[in-house]
Amino acid sequence: MALADPALVTIAHCGTTAANEYVRKLRDALAGELLAMGAMAQATPPCGLGSLGSATGCHAEREPDCQKLLVMVGDGVQPLADDPAFAPWKPPANAHATLPVLPIAAETRFSALFPGWVAPYNGVFWSTTPAEGVAAVLAVAGITIELPKIFISYRQAESAGLAIQIFDALGHAGFDAFLDHFRIPPGVNFQARLTEQLGDKSMVLFLESDTFLKSPWVTYEVNVAKTCGLGLHALNLCGAPQIPGVDSALRSYVEPADFEGGTFSPTAQLNKAKLLEVVALARREHDRSIIRRQQILKAALEGAVLRAGGALPVPIGSRALQVDSQGGGRSYVVALTPRPPDLPDFYRVHGQAAPSSVGVVVGLSRLMEQASHQRLVWLAGVSKLEVRDEGDMLTLGREMVQGLL
């Protein structure tokens, strides 16, 4: 499986032995994660290990539509010197993304360890291993998304304390998490809001407790998640019954010893080490589900266009594809979003579409509440863009190939 949104990641360091080792660990962890996602066929990057700006560097350096990220790794002691090769990333160009990475112990010395132009950037600070920065690298490079979204499914009578603890920890880790305890106000249609929130999230985390399967919502949430291709992961609590249809590879286990006090109860909370493990697991599974969703959408669009007799869509810009009608009479710029379409998707298409082409945003819109869908239709009208649900891909492909859209 190739990435739907390829990127060139360049890693620079301050030259010390420690920094070189940090780079190796970060690079190996990044390659390993891309390999696990199916984004690479082998752990070695496609262009090998070229040097910045060299004649033997990756061809992606010359691809204008390929995101280019500079990861600047410090050892916490030796400052990283400026370099002419950084010109595309530094002012006045500011053409590409920059991500500083440091040990957490050096957080207070950030400005002294990087060139002055790096100071405005928010860095990544790791505590145990530089591999902790992999999620940020994937997000800033545009391979995944910067704001991960997750839906927590649980039985309030049995695991409310744990659910709230995980919700809070995910929020501090940069997630947009949904928990009905906090996110459904009075007077709102419960099922409609649950459905919309499922569609808005990229992954569902199930907390399997003793009577979890007796909840009338569990089967519904599993079916919606599977139908929409969302990521799934079950956290099995102390040997509770398992959700049918959720593969064992998508399940982790929590034992009584993982809770504070060594027992599980409706108010029990995980110890710090296990909580960090759950947050890391959620991030990893979320990113993998995003990659899968993006690739599925891209393959579906390509298949629909080819089936209608058109030419293979051409990648342009950031997460957009160009589709030409038969005979070249009309062209379409299509943005594929793994979640319901939102303002950034319209902005992205509007910036890529030429005056003579039609912009199209494709995403999971059929689960939206009526009021949200009405706002989406209004936004599409104002921006003069087409919006289609991902379930209409075959029809969309035919209309574009025939120049009817």
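Presented here is an overview of the structure given in this document. Residue positions are counted from 1 within each chain, in the order its sequence is given. In keeping with the predicted nature of the model, local features appear solely for residues at pLDDT of at least 70, side-chain atom pairs appear and are counted solely at 80 or more, and the whole-chain, interface and lining totals rest on all residues. As a rule here, side-chain values cover all heavy atoms of the structure and leave hydrogens and water aside.

Details of the overall build of the protein chain
Now for step 1: Each helix corresponds to a stretch of at least 4 residues labelled H or I by DSSP, and each strand to a stretch of at least 2 residues labelled E; elements are numbered beginning at the N terminus. Within the protein chain, the regular secondary structure consists of 11 helices and 14 strands.
Now for step 2: Taking all 405 residues of the protein chain together, the buried fraction comes to 50%.
Now for step 3: The contact definition used throughout considers only heavy atoms, calling two residues in contact when any of these lie within 4.5 Å. Relative to all contacts within the protein chain whose residues are 6 or more apart in sequence, the contacts with residues 24 or more apart total 68%.
Now for step 4: As displayed, the protein chain offers around 18,600 Å² of accessible surface, 55% of which is attributable to carbon and sulfur atoms. The classification of residues rests on relative accessible area computed with a 1.4 Å probe and restricted to protein chains. Under 20% of the type maximum is buried, over 50% is exposed, and intermediate values are partly exposed. Computed by Shrake-Rupley with a 1.4 Å probe, the accessible areas treat only the displayed protein chains as cover when residues are assessed.

What to know about the layout of surface pockets
Now for step 1: Within this scheme a cavity is a closed region of a 1 Å grid, computed over the protein atoms alone, that accommodates a 1.4 Å probe without allowing it to escape, whereas a pocket is open but has protein on both sides within 12 Å along at least five of seven lines; lining residues each have an atom within 4 Å of a point. Grid points are joined across faces, edges and corners, and a volume is the space filled by probe spheres set on the points. Of the voids in this model, the second largest pocket is the one considered here, and its volume is about 1,200 Å³.
Now for step 2: If you trace the second largest pocket, you find 35 residues lining it, with Val124, Glu132, Ala135, Ala136 and Arg283 closest to the centre.
Now for step 3: Looking at the lining of the second largest pocket, the elements with two or more residues in it are β3 (97-103), β4 (124-126), α3 (134-140), α4 (156-172) and α8 (272-307).
Now for step 4: Ranked by residues supplied to the lining of the second largest pocket, first place goes to α8 with seven residues.
Now for step 5: Split by residue class, the lining of the second largest pocket holds 21 nonpolar, eight polar and six charged. Note on residue categories: nonpolar means Ala, Val, Leu, Ile, Met, Phe, Trp, Tyr, Cys or Pro, charged means Asp, Glu, Lys or Arg, and polar means any other residue, Gly included.

Comments concerning the sheet that holds strand β1 (residues 7-13)
Now for step 1: DSSP calls a pair of strands paired once it identifies at least 2 bridges connecting them. Spatially, the four strands line up as an open sheet ordered β1-β2-β3-β4, and their pairing is parallel. Looking along the sheet, the strands with just one partner apiece sit at the ends: β1 and β4. The average angle at which neighbouring strand axes cross in this sheet is 20 degrees, direction not considered.
Now for step 2: Bridge count between β3 and β4: three bridges; the pairing is parallel. Paired with Val101 across the two strands is Val124, which belongs to β4.
Now for step 3: A fitted line through C-alpha atoms serves as each axis, taken over the contacting stretch for helices, and the angle formed by two N-to-C directions is quoted from 0 to 180°. Packing of helix α1 (residues 17-37) onto the sheet brings it into contact with β1, β2 (67-73), β3 and β4, and relative to β1 it is tilted by some 160 degrees.

Regarding the nonpolar core
Now for step 1: Nine residue types can take part in a nonpolar core, namely buried Ala, Val, Leu, Ile, Met, Phe, Trp, Tyr and Cys, and a core is a set of them joined through side-chain atoms within 4.5 Å. If you look at the biggest cluster of nonpolar residues, it comprises 26 residues, and the most contacted ones within it are Ile150, Ile152, Ile166, Leu170 and Leu207.
Now for step 2: Among the secondary structure elements, those contributing two or more residues to this core are β5 (149-153), α4, β7 (203-208), β8 (231-237) and α8.
Now for step 3: Among the elements that make up this core, the one with the highest residue count is α4 (seven residues).
Now for step 4: Leaving out residues up to four positions away in the same chain, Ile150 has contacts with Leu170, Phe175, Asp176, Ala177, Phe178, Lys201, Met203, Leu205 and Ala282.
Now for step 5: Val23, Leu26, Leu99 and Trp126 belong to the second largest nonpolar core, which has 20 residues in total.

Brief notes about α1
Now for step 1: By this rule, a helix spans an expected 1.5 Å times one less than how many residues it contains. In a regular helix each residue adds 1.5 Å, so 21 residues correspond to 30 Å; α1 covers 30 Å between its end C-alpha atoms and thus fits that length.
Now for step 2: For α1, the full list of buried residues reads Ala19, Tyr22, Val23, Leu26, Leu30, Ala31, Glu33, Leu34 and Met37. Here the buried residues of α1 occupy an arc of 160 degrees about the axis, which is enough to place them on one side.
Now for step 3: Looking at the buried residues of α1, the elements they touch are β1, β2, β3, β4, α3 and α8. It is the directions from the helix axis to the C-beta atoms whose arc is reported.

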